[in-house]
Structure formats: C-alpha cells, structure tokens
Amino acid sequence: MARILITGASGLLGLNLAQETMNTHDITAVDRGKLVNAPFKVLNGDLLNTGTLDSALDSAQPEWLINCAALADLEACENNPDLSRRLNIDLPAQMAKACKARGISFVHISTDAVFDGEKDGFYTEEDTPNPLGVYSQTKFDGEQAVFAEDANAIVARVNFYGWSLSGRRSLAEFFHHNLTNNKSMSGFTDVRFCPMLVNDTARTLIKMLQKNLSGLYHVVGPQAMSKYQFGVEIARRFSLKESEISPKSILSSNLTARRSHNLWLSTHKLSTALGESLPEFSTGLDEFFTQYQQDYPQKIRSYAL
Ligand SMILES: NC(=O)c1ccc[n+]([C@@H]2O[C@H](COP(=O)([O-])OP(=O)(O)OC[C@H]3O[C@@H](n4cnc5c(N)ncnc54)[C@H](OP(=O)(O)O)[C@@H]3O)[C@@H](O)[C@H]2O)c1
C-alpha cells in the first residue's frame with residue numbers, strides 16, 4: 001500500500017483513479033470543493049494559490065503524486081491561454097520540482113493531441129510533436145517543463161473514456177446520453193484515436209509506478225478507431241440504435257480549436273516495459289457496460305451531493 005496524492009480529483013481521470021485505488025492504497029485527493037461526500041480523504045484547495053501544493057504534500061506525505069489537474073477543454077484553452085499556461089505548464093513544473101526535492105515519484109498526465117496528425121500511421125514516443133492549438137501546445141510545453149525539473153518523472157500521454165462526476169465529460173457519455181434519449185448525433189469519421197477505459201488507464205498508471213518506470217510513455221488503448229466507429233461500438237454494446245449516429249467530417253464542424261486527425265499512438269514501449277499487453281478495447285467496453293448495469297455512474301456522482 002502506497003501513499004498517493006491525486007490532484008484534479010473531481011475530473012474524469014482523477015475521480016476514477018481515486019475510486020480504483022482507494023481500497024488498495026492510502027489516497028489523498030485535492031479538490032476545489034466539489035467532492036463533499038467522497039469515500040477517500042479530500043483536501044480542499046486551488047492549486048494555483050500559493051502554498052496549496054506544499055500544504056497538500058506536507059499533509060499527505062505521499063510516496064507518489066499523480067497530477068490529473070489541468071485545463072483540459074480545448075475551446076477553454078483557446079479562450080484563456082494564460083490560465084492554460086499556468087495550469088498546464090507552470091503547475092506541473094512546480095510539482096516536478098517539489099517531488100524531486102522530497103523524493104516523491106511523480107506522474108504527470110499529458111495528451112495524445114501533441115501530434116499534428118499528418119503522419120500516415122501510428123506515432124511513437126520518438127516522433128516529434130507539432131501541437132496545433134493552445135491546449136496541445138501548453139500540454140507539450142508542460143511535458144518539457146516537467147522533465148527539466150525531474151528527469152525521473154513519468155509523463156503519460158493518454159486518451160480515455162468513462163463515467164464522470166458531471167455525466168458529460170467523456171465522449172462515451174455523449175454518445176450514451178444521446179442514444180438513450182433517442183437523440184440523433186454525429187460522429188467524426190476522419191479523426192482516429194485510441195480510446196482506453198479510464199479505469200484501465202488508472203490501473204496501468206499504478207503498474208507503471210510499481211515498476212519504477214520513468215520517462216515518456218503512450219498510455220492509450222491498443223486499438224485505433226474513428227470517433228464515429230467508437231460511437232457505433234457503444235451503441236452496439238448497449239443495444240441502442242446505431243443509426244442515430246451520422247458519419248460526419250470534422251472539416252464541417254464549427255469547433256474553434258484545431259484538432260489532429262490522427263491520434264493513433266503506439267503503445268509498444270509501454271507494453272514492453274510492463275511485460276504485458278495493454279487491455280483490449282472490447283474488454284474495456286464490456287467493463288464500461290457492466291459499470292452502467294451496476295449503477296457505477298450514480299455512485300460516482302453521489303460523491304458530489
Ligand atoms: N479526457 C481525455 O480523454 C483526455 C485526453 C487526453 C489527455 N487528457 C489529460 O488527462 C488529464 C485529466 O483529464 P480529465 O479529462 O480528467 O480532465 P477534467 O475532467 O477536465 O479534470 C480536470 C481537473 O483539474 C482540476 N483543476 C482545474 N484547475 C484547478 C485548480 N486551479 N486547482 C485545483 N484543481 C484544478 C479540475 O477541478 P474542478 O472540477 O474544480 O474544475 C478537475 O478536477 C489532463 O491532463 C488532460 O489534459 C485527457
């Protein structure tokens with residue numbers, strides 16, 4: 001059992017990570033006041049305020065810090081580049097510095113979106129990023145800033161889906177919500193990505209820490225698909241009407257932030273380091289379905305009541 005400090009605990013990853021680890025590890029979570037009813041220790045604080053990080057580290061005395069706090073909304077980043085820099089670059093750099101000074105193993109969460117998508121095929125950790133917008137640029141700069149402070153940190157480029165506190169954070173929830181309400185929606189056929197169930201992401205991060213890994217890793221699902229195909233897979237698993245999802249090109253969307261068409265990342269480096277294959281898409285989707293049947297979404301949301 002390790003002492004773990006989790007930041008961004010009300011977010012999609014942070015909350016599922018805390019939920020996934022609370023029975024096997026000593027969890028302390030940092031939150032800005034949403035988690036009033038959580039079954040793990042919660043410290044309230046805004047991480048951009050001076051002293052919040054240090055007092056959380058003093059209080060939790062963690063062996064591991066997993067930073068899931070970010071400005072992770074692409075449109076919000078375009079509208080708030082300064083806030084984006086503070087949360088996605090300056091804060092992780094400060095965390096890396098503090099972790100190195102205190103002998104804490106640090107995991108910083110980055111994104112698959114650092115690449116421009118122009119490559120024909122998958123991206124490895126050796127490929128050079130070319131961020132397309134404020135979000136991806138600040139996330140890439142955050143990776144560099146973390147390694148400049150702590151060369152032994154783990155930086156994990158992720159993509160995940162799952163049940164969230166708001167019920168609206170993940171693409172899977174978007175498709176599921178519309179499908180169950182018989183609302184038609186579209187899915188991009190020309191954006192390829194590698195979705196992983198967030199609980200699989202959480203378990204994989206813990207394995208990486210247990211193996212004492214360090215450096216840059218792609219922590220995504222082992223199977224690439226279009227966002228449209230992802231919606232269809234959800235419809236089929238939940239026996240909902242896939243015909244409600246229309247195929248659409250991202251070129252015809254009115255999104256402001258530029259997005260990469262190809263988020264297909266190789267996980268070879270990670271599976272080799274762990275000595276095992278990463279969880280298949282189909283097993284993650286089965287778990288996502290089982291969670292729904294077992295009222296996991298309601299359980300998660302009750303932490304904020
Ligand atoms: N979702 C994906 O598929 C995906 C894909 C690629 C990369 N990522 C990366 O994965 C990480 C987690 O993403 P997510 O989807 O879980 O994000 P999220 O749901 O938007 O959660 C972000 C978290 O950061 C917290 N936060 C923001 N500002 C804070 C502050 N000043 N002080 C304390 N906490 C603060 C938020 O708290 P509040 O609730 O109080 O705002 C929230 O808990 C991010 O680094 C993101 O870039 C996610």
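See the structure above.
Residues numbered from 1 in each chain as written. Predicted model: local features only at pLDDT ≥ 70, side-chain atom pairs only at ≥ 80, totals over all residues.

Engineer: How would you summarise the overall build of the chain if you had to cite specific residues and measurements?
Structural biologist: On a plain count of helices and strands, the chain comes out with 11 helices and 13 strands. Seen along its three principal axes, the alpha-carbon backbone of the chain occupies a region of about 55 × 40 × 40 Å. Across the 305 residues that make up the chain, the buried fraction comes to 46%. Look at the contacts in the chain between residues 6 or more apart in sequence, and 74% of them connect residues 24 or more apart. (Helix = DSSP H or I, 4+ residues; strand = E, 2+ residues; numbered from the N terminus. Buried ≥ 20, exposed ≤ 12 C-beta atoms within 10 Å, placed from the backbone. Contact = placed C-beta atoms within 7 Å.)

Engineer: If you had to explain the environment of F281 to someone new, which residues and values would you point to?
Structural biologist: Structurally, F281 is set in helix α10 (residues 281-293). Separated by 84 residues in the primary sequence, F281 and L197 have C-alpha atoms spaced 7.8 Å apart. Discounting chain neighbours no more than four positions away, the residues touching F281 are P195, G221 and Q223.

Engineer: Can you lay out the site of the ligand for me, pointing to particular residues and giving the numbers?
Structural biologist: Taken together, 25 residues form the shell around the ligand, and within it G8, G11, L47, A70 and T111 come nearest. Here the element with the most residues in the shell around the ligand is helix α1 (residues 12-21); it accounts for 3 residues. Looking at the shell around the ligand residue by residue, the class counts come to 13 nonpolar, 6 polar and 6 charged. (Near = placed C-beta within 6 Å. Nonpolar A, V, L, I, M, F, W, Y, C, P; charged D, E, K, R; others polar.)

Engineer: Tell me about the packing of helix α2 (residues 52-60) against helix α4 (residues 81-102), and please be specific about residues and values.
Structural biologist: Where α2 meets α4, the closest approach of the two axes is 11 Å, and the angle between their N-to-C directions is 35 degrees. Relative to α4, the crossing made by α2 is right-handed. Packed against α2, whose contacting residues are L53, D54 and L57, the element α4 presents Q94, M95, A98 and R102 at the interface. Tallied by class, residues from the contact of α2 with α4 come to 4 nonpolar, 1 polar and 2 charged. (Axes fitted to C-alpha atoms, helices over the stretch in contact; angles between N-to-C directions. Left-handed = near helix turned anticlockwise from the far one by under 90°.)

Engineer: For unusual backbone geometry, give the residues involved together with the corresponding values.
Structural biologist: One non-glycine residue, Q61, lies in positive phi territory at about 45 degrees. Within the secondary structure layout, Q61 lies in the loop between α2 and β4 (64-67). Residue Q61 is classed as exposed on the basis of its 12 C-beta neighbours within 10 Å.

Engineer: Any chance you could break down the sheet that holds strand β3 (residues 41-44) for me, citing the residues and the numbers?
Structural biologist: As summarised here, the arrangement of the 7 strands in space is β3-β2-β1-β4-β5-β6-β11, forming an open sheet in which the pairing is parallel. Of all the strands in the sheet, just β3 and β11 (215-219) have a single pairing partner and so form its edges. Strand after strand, the sheet turns through a mean of 20 degrees between neighbouring axes, direction not considered. Against the sheet, α4 makes contact with β4 and β5 (105-111), and its axis sits at roughly 160 degrees relative to β5, the strand it touches most. Along the sheet face, helix α5 (residues 134-149) touches β5, β6 (154-158) and β11 and points at about 160 degrees away from the line of β5. (Pairing = 2+ DSSP bridges.)

Engineer: Before we move on, could you go through the packing of α4 against α5 and cite the residues and values that matter?
Structural biologist: Packing of α4 against α5 brings their axes to within 8 Å, and their N-to-C directions diverge by 15 degrees. With respect to α5, the axis of α4 lies roughly parallel. For the pair α4 and α5, the sense of crossing is right-handed. Residue-level contacts link P81, S84, R85, N88, I89, P92, A93, A96, K97 and K100 of α4 to V134, Y135, T138, K139, D141, G142, A145, V146 and E149 of α5. Class assignment for the residues of the contact of α4 with α5 results in 9 nonpolar, 4 polar and 6 charged. (Parallel < 35°, antiparallel > 145°, perpendicular 65-115°, else oblique.)

Engineer: Outline the nonpolar core, supporting the account with residue identities and numerical values.
Structural biologist: In this structure, I6, A29, I66 and A156 are the most contacted members of the largest nonpolar core, which totals 90 residues. Ranked by the residues each element gives to this core, the list is headed by α4, at 6 residues. Not counting residues within four places of it along the chain, the set of residues in contact with A156 comprises V107, I109, S110, L205, Y217 and V219. (Core = buried A, V, L, I, M, F, W, Y, C linked by C-beta atoms within 7 Å.)

Engineer: Give a description of α1 that names residues and reports values.
Structural biologist: In terms of burial, α1 is largely enclosed, as 9 of its 10 residues are buried. Among the residues of α1, those classed as buried are L12, L13, G14, L15, N16, L17, A18, Q19 and T21.

Engineer: Could you give me a rundown of the environment of L255, with the residues and numbers involved?
Structural biologist: Residue position: L255 is located in the loop between β13 (245-248) and α9 (268-274). When the C-alpha positions of L255 and E75 are compared, they lie 7.8 Å apart, and in sequence the two are 180 residues distant.

Engineer: Can you explain α5? Please cite residues and give values.
Structural biologist: An α-helix turns once every 3.6 residues. As a result, residues three or four positions apart point the same way. Counted at 1.5 Å a residue, the expected span for α5 with its 16 residues is 22 Å, and the 22 Å between its end C-alpha atoms agrees. Within α5 the residues assigned to the buried category are V134, Y135, S136, Q137, T138, K139, F140, G142, E143, A145 and V146. Lining the buried residues of α5 we find α3 (74-79), α4, β5, β6 and β11. (Expected span 1.5 Å × (residues − 1).)

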